[in-house]
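# Close look at the chain arrangement
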Amino acid sequence: LLYVGAAIGRAFGLVYEGFDVRTYAILGAAASLNGVVRVLISLPAIMMETTTISTFVSPLMIVCLVSRYIGNGVFRSEGIYDEILKIRKIPFLEEEPPKVTKRLVLRAKDVMSMELVQLQLTMQVQAIFEILQE
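Notes on the structure follow.

Conventions we followed
- Residues numbered from 1 in each chain as written.
- Predicted model: local features only at pLDDT ≥ 70, side-chain atom pairs only at ≥ 80, totals over all residues.
- Heavy atoms only, no water.
- Helix = DSSP H or I, 4+ residues; strand = E, 2+ residues; numbered from the N terminus.
- Buried < 20%, exposed > 50% of the residue type's maximum accessible area, 1.4 Å probe, protein only.
- Polar contact = N/O pair within 3.5 Å; in protein donor to acceptor, adjacent residues only side chain to side chain.
- Core = buried A, V, L, I, M, F, W, Y, C linked by side-chain atoms within 4.5 Å.
- Contact = heavy atoms within 4.5 Å.
- Expected span 1.5 Å × (residues − 1).
- Phe/Tyr/Trp six-rings, centres within 6.5 Å; stacked < 30°, edge-to-face > 60°.
- Patch = residues over 30% accessible without salt bridge, like charges linked within 9 Å, V, L, I, M, F, W, Y side chains within 5 Å.
- Areas by Shrake-Rupley, 256 points an atom, 1.4 Å probe, with all protein chains shown as cover.
- Salt bridge = Lys/Arg side-chain N within 4 Å of Asp/Glu carboxyl O.

## Quick word on the side chain of Thr51
Structurally, Thr51 is set in helix H3 (residues 42–51). Of the residues examined, Thr51 reaches a relative accessible area of 18% and is grouped as buried. Of the polar contacts made by the side chain of Thr51, one reaches the backbone oxygen of Met47; its length is 2.9 Å.

Here it is in structure tokens:
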């Protein structure tokens, strides 16, 4: 994905002469990768660190923001990492609460028990499971 995006970005830079094609190659690589994975903060940071050009923060953020929204519109699904979590049925805490709880006013005392359970520093996994199921 990085190579394809870099090639498209470089081609775009060659069409508009007078611009540095390397800049467009880096931005194209970031845009194509972010269109698939859709990680908004970490990808621009990684791209900035790998290129060692700190002035790329703003263009990388803009490119990643636009490519994320285009990716959401075209694929109509989450990023590839979120899809892998769904396929493997790995539980993941979403940033939004479940729709069931939006109408309820829940407080910590509504979901917690009054008795305190203390875990030891070293415990067997089975013992922890038993405590959690009680």
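## Some points on the nonpolar core
Core analysis: the largest hydrophobic core is formed by 13 residues, its most contacted members being Ala30, Leu43, Met47 and Leu60. Where this core is concerned, the elements lending two or more residues are helix H2 (21–37), H3 and helix H4 (57–75). Examining the composition of this core, we find that six residues originate from one element, H2, more than from any other. Excluding anything up to four places from it in sequence, Leu60 contacts Leu27, Ala30, Pro44, Met47 and Met48.

## Things to note about H2
Compared with an ideal rise of 1.5 Å per residue, which puts 17 residues at 24 Å, H2 spans 24 Å between its outermost C-alpha atoms and is within 8% of the ideal. Listed as buried for H2 are Val21, Ala25, Ile26, Leu27, Gly28, Ala29, Ala30, Leu33, Asn34, Gly35 and Val37. Arg38 lies just past H2 and shows a positive phi near 55 degrees.

## Things to note about the packing of aromatic side chains
Aromatic rings in a pair are described by how distant their centres are and how their planes are angled relative to each other. For the structure on display, the rule yields two aromatic pairs. Each member of the aromatic cluster is reached from another via a ring pair, and the members are Phe12, Tyr16 and Tyr24.

## Here's the deal with unusual backbone geometry
Glycine aside, a negative phi is what most residues show, and trans is what most peptide bonds show. The phi dihedral of Arg38 falls on the positive side, at around 55 degrees, and the residue is not glycine. Inspection of the secondary structure assignment puts Arg38 in the loop between H2 and H3. Overall, Arg38 belongs to the buried group, its relative accessible area being 9%. For Lys89, which is not glycine, the phi torsion reads 55 degrees and is therefore positive.

## As for a nonpolar patch on the surface
Side chains of Ile62, Val66, Ile70, Val74 and Phe75 sit close together on the surface and give an oily, nonpolar patch of about 510 Å² of accessible area. Its location among the elements puts Val66 in helix H4. Among the residues examined, Val66 registers a relative accessible area of 46% and is labelled partly exposed.

## Here's the deal with the side chain of Asn34
Inspection of the secondary structure assignment puts Asn34 in helix H2. Reaching out from Asn34, the side chain makes a polar contact with the backbone nitrogen of Val39 at a distance of 3.0 Å. Dropping the residues within four chain positions of it, Asn34 is found in contact with Val39, Leu40, Leu43, Cys64, Leu65, Ser67 and Arg68.

## Considering the pattern of salt bridges
Here the structure, examined in full by the defined rule, presents two salt bridges. Taking the shortest distance from any N to any O, the salt bridge between Asp20 and Arg22 comes out at 3.2 Å. Here Asp20 falls in the partly exposed class, since its relative accessible area comes to 36%. The exposed category is assigned to Arg22, whose relative accessible area is 60%. The partner of Lys86 in a salt bridge is Glu83, with the nearest N and O atoms 3.9 Å apart. Remark: Glu83 and Lys86 occur in helix H5 (residues 80–87); sequence separation between them is three residues, near one turn of the helix. Assessed through its relative accessible area of 52%, Lys86 is described here as exposed. Accessibility expressed as a relative area gives 25% for Glu83, which makes it partly exposed.

Interpretation in functional terms is not warranted from these geometric data alone.
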